[in-house]
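# A look at the structure
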Amino acid sequence: MRAVVIAGGALGEPAFYRPLIQKEDLIICADSGYANAQKIGILPDVVIGDFDSFEETQVHSGRKIVLPVEKDRTDSHESICYAMDQGCRDILFLGAAGTRLDHTLANISLLKLGLSRGVRITMIDEHNEIFLMDREATVPRREGYKLSLLPLTRVTGISSTGLYYELKDSEMEIGNPYGVSNEFTKDTATITIGSGLLLVLLSKD
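Presented here is an overview of the structure given in this document. Fair warning: this is a prediction, and the values are worked out from it, not measured in the lab.

## Points about the overall build of the protein
A tally of helices and strands in the protein yields four helices and 13 strands. What you see for the protein is a C-alpha radius of gyration of 18 Å, in line with the 17 Å of a compact globule of 205 residues. In the protein, which comprises 205 residues, the share counted as buried stands at 47%. Long-range contacts, defined as pairs at least 24 residues apart, comprise 60% of the intrachain contacts of the protein with a sequence gap of at least 6. A total accessible area of about 10600 Å² is found for the protein, and carbon and sulfur atoms account for 49% of it. Distance from the positive charge centre (21 side chains) to the negative charge centre (29 side chains) of the protein: 4 Å.

## Regarding the packing of aromatic side chains
If you walk through the whole model with that rule in mind, you get two aromatic pairs. Measuring from ring centre to ring centre gives 5.0 Å for Phe-16 and Tyr-17, while their planes differ by 85°; the resulting arrangement is edge-to-face. A relative accessible area of 24% places Phe-16 in the partly exposed class. By relative accessible area, which is 0% here, Tyr-17 ends up buried. Considering the side-chain rings of Tyr-164 and Tyr-165, the 4.7 Å spacing of their centres and the 85° angle between planes classify their relative orientation as edge-to-face. In this structure Tyr-165 comes out as exposed when scored by relative accessible area, which is 54%. Looking at Arg-120, its charged tip hangs above the ring of Phe-131, at a distance of 3.8 Å from the centre. Taking the ring centre of Tyr-145 as reference, the NZ or CZ of Arg-142 above it sits at 4.2 Å.

## Some points on the nonpolar core
With 27 residues, the main nonpolar core has Ile-28, Ile-80, Ile-91, Phe-93 and Leu-111 as its most contacted residues. Residues within four places of Ile-80 in sequence aside, it is in contact with Val-5, Ile-91, Phe-93, Leu-110, Leu-113 and Ile-121. Counting 19 residues, the second largest nonpolar core, distinct from the first, contains Met-133, Ile-158, Phe-184 and Ile-191.

## Quick notes on the pattern of salt bridges
Under the criterion given, the structure shown has nine salt bridges. Residue Lys-146 pairs with Glu-183 through a salt bridge whose shortest N-O separation is 2.2 Å. Pair noted here: Lys-146 is in strand E9 (residues 146-151) and Glu-183 is in the loop between strand E11 (170-172) and strand E12 (188-192), with a separation of 37 residues, a long-range link. Classification of Glu-183 by relative accessible area gives partly exposed; the value is 35%. Overlapping salt bridges, with partners in common, bring together Asp-50, Lys-71 and Asp-75 in one network.

## Observations regarding the packing of helix H3 (residues 75-85) against helix H4 (residues 101-116)
Two elements in contact, H3 and H4, have axes separated by 10 Å at closest approach and are oriented at 25°. Classified by the angle between their axes, H3 and H4 sit roughly parallel to one another. Crossing geometry of H3 relative to H4 is assigned as right-handed. Taken together, the residues of H4 that come into contact with H3 (itself represented by Ser-76, His-77, Ile-80, Cys-81 and Met-84) are Asn-107, Leu-110, Leu-113 and Gly-114. Tallied by class, the residues present in the contact of H3 with H4 amount to five nonpolar, four polar and no charged.

## Observations concerning the environment of Lys-71
For Lys-71, the location among the structural elements is in the loop between strand E4 (63-66) and H3. A relative accessible area of 27% places Lys-71 in the partly exposed class. When the C-alpha atoms of Lys-71 and Cys-29 are compared, they prove to be 18 Å apart, with 42 residues separating the residues in sequence. One polar contact links Lys-71 to Asp-50, side chain to side chain, over a distance of 2.5 Å.

## Here we look at the sheet that holds E9
Strands pair in a sheet through their backbones, by hydrogen bonds, and they do so in one of two ways: parallel or antiparallel. Read across the open sheet, the nine strands follow the order E4-E3-E2-E1-E5-E6-E7-E13-E9; overall the sheet is mixed. With one partner strand each, in any of the chains shown, E4 and E9 form the two edges of the open sheet. Here the average twist between neighbouring strands, direction ignored, is 20°. The pairing of strand E1 (residues 2-6) with strand E5 (residues 90-94) spans five bridges and is classified as parallel. For Ala-3, the partnering residue across the bridge sits in E5 and is Ile-91.

Calculation criteria
Residues numbered from 1 in each chain as written. Predicted model: local features only at pLDDT ≥ 70, side-chain atom pairs only at ≥ 80, totals over all residues. Heavy atoms only, no water. Helix = DSSP H or I, 4+ residues; strand = E, 2+ residues; numbered from the N terminus. Rg over C-alpha atoms; globule rule 2.2 N^0.38 Å. Buried < 20%, exposed > 50% of the residue type's maximum accessible area, 1.4 Å probe, protein only. Contact = heavy atoms within 4.5 Å. Areas by Shrake-Rupley, 256 points an atom, 1.4 Å probe, with all protein chains shown as cover. Lys, Arg positive; Asp, Glu negative; His and termini not counted. Charge placed at Lys NZ, Arg CZ, Asp CG, Glu CD. Phe/Tyr/Trp six-rings, centres within 6.5 Å; stacked < 30°, edge-to-face > 60°. Lys NZ or Arg CZ within 6 Å of the ring centre and 35° of its normal. Core = buried A, V, L, I, M, F, W, Y, C linked by side-chain atoms within 4.5 Å. Salt bridge = Lys/Arg side-chain N within 4 Å of Asp/Glu carboxyl O. Axes fitted to C-alpha atoms, helices over the stretch in contact; angles between N-to-C directions. Parallel < 35°, antiparallel > 145°, perpendicular 65-115°, else oblique. Left-handed = near helix turned anticlockwise from the far one by under 90°. Nonpolar A, V, L, I, M, F, W, Y, C, P; charged D, E, K, R; others polar. Polar contact = N/O pair within 3.5 Å; in protein donor to acceptor, adjacent residues only side chain to side chain. Pairing = 2+ DSSP bridges.

Nothing here speaks to function; it is geometry throughout.
Shown next as structure tokens:
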């Protein structure tokens, strides 16, 4: 089963998001993500939050799970955990980036939580698609997008094919971001690593 978790970050053109969502998806809104779901034109199955940024009385569809304001986990964190507890093995994470860089980075860190439980979490907006890998990944070419590889930890044994700048048994570590803005040379890029955590980003202007 797949879940779509909608957070309260920036959400641009609703028409971009509608085709991404399937009718059998479990739709979970993290607090003001409910307003983003309204923009897209979908009804959530569950709304989770402390409702400090969105009035609980404005929620008119889906089950409500009200959290305390003082807590150790963000509303997005709780929503991701709820999706995994329901048995979802694939999570689409929308509205996860915005003006609050702390929230954006916190949401990126949740990709590690999914990876540790065998769940693929993919953050998507109109300009970016981000996921985290610890072994191997196949990435289809997308017109107008560049592919970047950024380490969350020291990463060893990085090899790639299907890219202009290919790697063979390379290493990356934070502070030397040489894996930014690579170009596809084939319809599919393949990336493998020996150890570590590597962010894979498809991005366009």
